[in-house]
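A structural walkthrough
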Amino acid sequence: MSRTRALIAGNWKMNGLSGDAAEFEAMLSGLAARRDASGAPRADALICPPATLVFGFAERARSAQESGLPVAIGAQDCHAQAAGAHTGDLSAEMFADAGAAAVIVGHSERRAAHGEGDETVRAKASAAMRAGLAAVICLGESREEREAGRALDVILGQLAACTPDAPSGDARLETIGDALVVAYEPVWAIGTGLTPSLEDIREAHAALRRGLVSRFGEAGETIRLLYGGSVKPGNAADILSVDDVDGALVGGASLKAADFL
Ligand code: PGA
């Protein structure tokens, strides 16, 4: 992965049965039909289905990759440890073994419903890197925090607390730009149809970029910063045109091929 190409990630959340593989097939055909003159689609796609579908989708994505489509499969969460007595949990190593290339960590729904704090998110991001997966770290302010004028302080605090140091030990992750993606997702914009103004998105992404550069030096420029929260066909182009928006993390609109495309 690299910042020179946009990344459009779809988070299916707890949606998707085996029959929905047809929707995924429609996405692959649509991407193939959208290749530009050079033969490549304009953006990289990452589909994060529920865990039960990761293996099958990853196999299918592998053959699509062989025909030149930049499509990868990601998981939506992982445990921080590689293996052990954790009933019902799945490790980053298991997702790598199943063919995933990335894992979302720190989604606000995990933070809210499972009490995950920044320390846990950081441990999960480290686990992703340990397993050779790109970590897509989600962060974002609540409505109260935005209204109190604290949005930038909150997201910069989350960035500092959730981001592991440079990856070590996995040859596939040669640069931090391959190992890490950061998704700015204002909590109040997720699933609500509300989005920040383009100026607020620009300001948040510029702040996060400065945070990444102060943390990783020049390499911080190579990390993709996605915007997420009510990205739809009607607003995606405007949002993607904002400086330092390197892609999108899409929830509801990633479930239907036509919307996602
Ligand atoms: P949404 O979800 O696009 O449905 O708002 C985004 C997300 O939760 O990542």
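Notes on the structure follow. (Residues numbered from 1 in each chain as written. Predicted model: local features only at pLDDT ≥ 70, side-chain atom pairs only at ≥ 80, totals over all residues. Heavy atoms only, no water.)

With that settled, consider the nonpolar core. Core analysis: the largest hydrophobic core is formed by 64 residues, its most contacted members being Phe24 and Leu180. The element that contributes the greatest number of residues to this core is helix H2 (residues 51–66), accounting for six residues. If near-sequence neighbours (up to four positions away) are discounted, leucine 180 is found in contact with Met129, Ala135, Ile137, Thr163, Phe216, Ile223 and Arg224. Counting 14 residues, the second largest nonpolar core, distinct from the first, contains Leu46, Cys48, Leu226 and Leu249. (Core = buried A, V, L, I, M, F, W, Y, C linked by side-chain atoms within 4.5 Å. Buried < 20%, exposed > 50% of the residue type's maximum accessible area, 1.4 Å probe, protein only. Helix = DSSP H or I, 4+ residues; strand = E, 2+ residues; numbered from the N terminus. Contact = heavy atoms within 4.5 Å.)

A few words now on the site of the ligand. Around the ligand, the surrounding shell holds 13 residues, and the nearest of these are Lys13, His107, Glu185, Gly191 and Ser230. Here an oxygen atom of the ligand sits 2.7 Å away from a polar atom, N or O, in the side chain of lysine 13. Separating an oxygen atom of the ligand from a backbone N or O atom of glycine 251 is a distance of 2.8 Å. Taken by itself the ligand offers 280 Å² of open surface, and the protein chains cover 97% of this. When its residues are assigned to classes, the shell around the ligand shows four nonpolar, seven polar and two charged. (Near = heavy atom within 4 Å. Polar contact = N/O pair within 3.5 Å; in protein donor to acceptor, adjacent residues only side chain to side chain. Areas by Shrake-Rupley, 256 points an atom, 1.4 Å probe, with all protein chains shown as cover. Nonpolar A, V, L, I, M, F, W, Y, C, P; charged D, E, K, R; others polar.)

A few words on the pattern of salt bridges. Going through the model one piece at a time under the given rule, you end up with 22 salt bridges. Residues glutamate 199 and arginine 202 are paired through a salt bridge, measuring 2.8 Å at the closest nitrogen-oxygen approach. With glutamate 199 and arginine 202 both in helix H9 (residues 198–216), this residue pair falls three residues apart, about one helical turn. Within the structure, one salt-bridge network assembled from shared partners comprises Arg3, Arg209, Glu221, Asp244 and Asp246. (Salt bridge = Lys/Arg side-chain N within 4 Å of Asp/Glu carboxyl O.)

Taking 1.5 Å as the rise per residue, H2 with 16 residues should run 22 Å; its terminal C-alpha atoms sit 23 Å apart, in good agreement. Along H2, the residues that are buried comprise Leu53, Val54, Phe57, Ala58, Ala61 and Ala64. Summarising the contacts, the buried residues of H2 are in contact with helix H1 (21–33), strand E2 (43–48), strand E3 (71–75) and helix H3 (92–97). Note on H2: the residue one or two positions beyond its end, glycine 68, has a positive phi of about 90°. (Expected span 1.5 Å × (residues − 1).)

Next up on the list: the layout of surface pockets. Here the largest pocket defines a volume of roughly 590 Å³. Together, 23 residues line the largest pocket, and Ile8, Arg42, Leu240, Phe260 and Leu261 are the ones closest to its centre. Every element with two or more residues in the lining of the largest pocket is listed here: strand E1 (6–11), E2, helix H10 (236–240), strand E8 (247–250) and helix H11 (257–260). When the residues that make up the lining of the largest pocket are grouped by side-chain class, the tally is 17 nonpolar, no polar and six charged. In this structure, the second largest pocket is lined by 21 residues; those nearest its centre are Pro50, Ala51, Gln76, Asp77 and Arg110. When residues in the lining of the second largest pocket are grouped by element, the largest group, four residues, is from helix H4 (residues 108–114). (1 Å grid on protein atoms, 1.4 Å probe; cavity = no way out; pocket = protein on both sides within 12 Å on 5 of 7 lines; lining within 4 Å. Points joined across faces, edges and corners; volume = space filled by probe spheres on them.)

Bringing the packing of aromatic side chains into the picture now. For any pair of aromatic rings, the description consists of the separation of the ring centres together with the inter-plane angle of the planes. A full pass over the atoms with the stated rule returns three aromatic pairs. Both rings, one in tryptophan 12 and one in phenylalanine 57, keep their centres 5.5 Å apart while their planes meet at 85°; by these two values the pair is edge-to-face. Of this pair, tryptophan 12 sits in the loop between E1 and H1 while phenylalanine 57 sits in helix H2, and the two are 45 residues apart along the sequence. The same class applies to tryptophan 12 and to phenylalanine 57, which are both buried. An angle of 65° between the planes, with centres 6.2 Å apart, marks the rings of tyrosine 184 and tyrosine 227 as edge-to-face. Here the residue tyrosine 184 occupies a position in strand E6 (residues 180–184), and tyrosine 227 occupies one in strand E7 (residues 224–228), the gap between them amounting to 43 residues. Considered together, tyrosine 184 and tyrosine 227 belong to a single accessibility category, that of buried residues. (Phe/Tyr/Trp six-rings, centres within 6.5 Å; stacked < 30°, edge-to-face > 60°.)

The next subject is the sheet that holds E7. Reading around the circumference, E1-E2-E3-E4-E5-E6-E7-E8 is the order of the eight strands in this closed barrel, with parallel pairing throughout. Here the average twist between neighbouring strands, direction ignored, is 25°. Bridge count between E6 and E7: four bridges; the pairing is parallel. Looking at the pairing, tyrosine 184 lines up with tyrosine 227 of E7. Packed on one face of the sheet, H2 meets E2 and E3 and runs near 160° to E3. (Pairing = 2+ DSSP bridges. Axes fitted to C-alpha atoms, helices over the stretch in contact; angles between N-to-C directions.)

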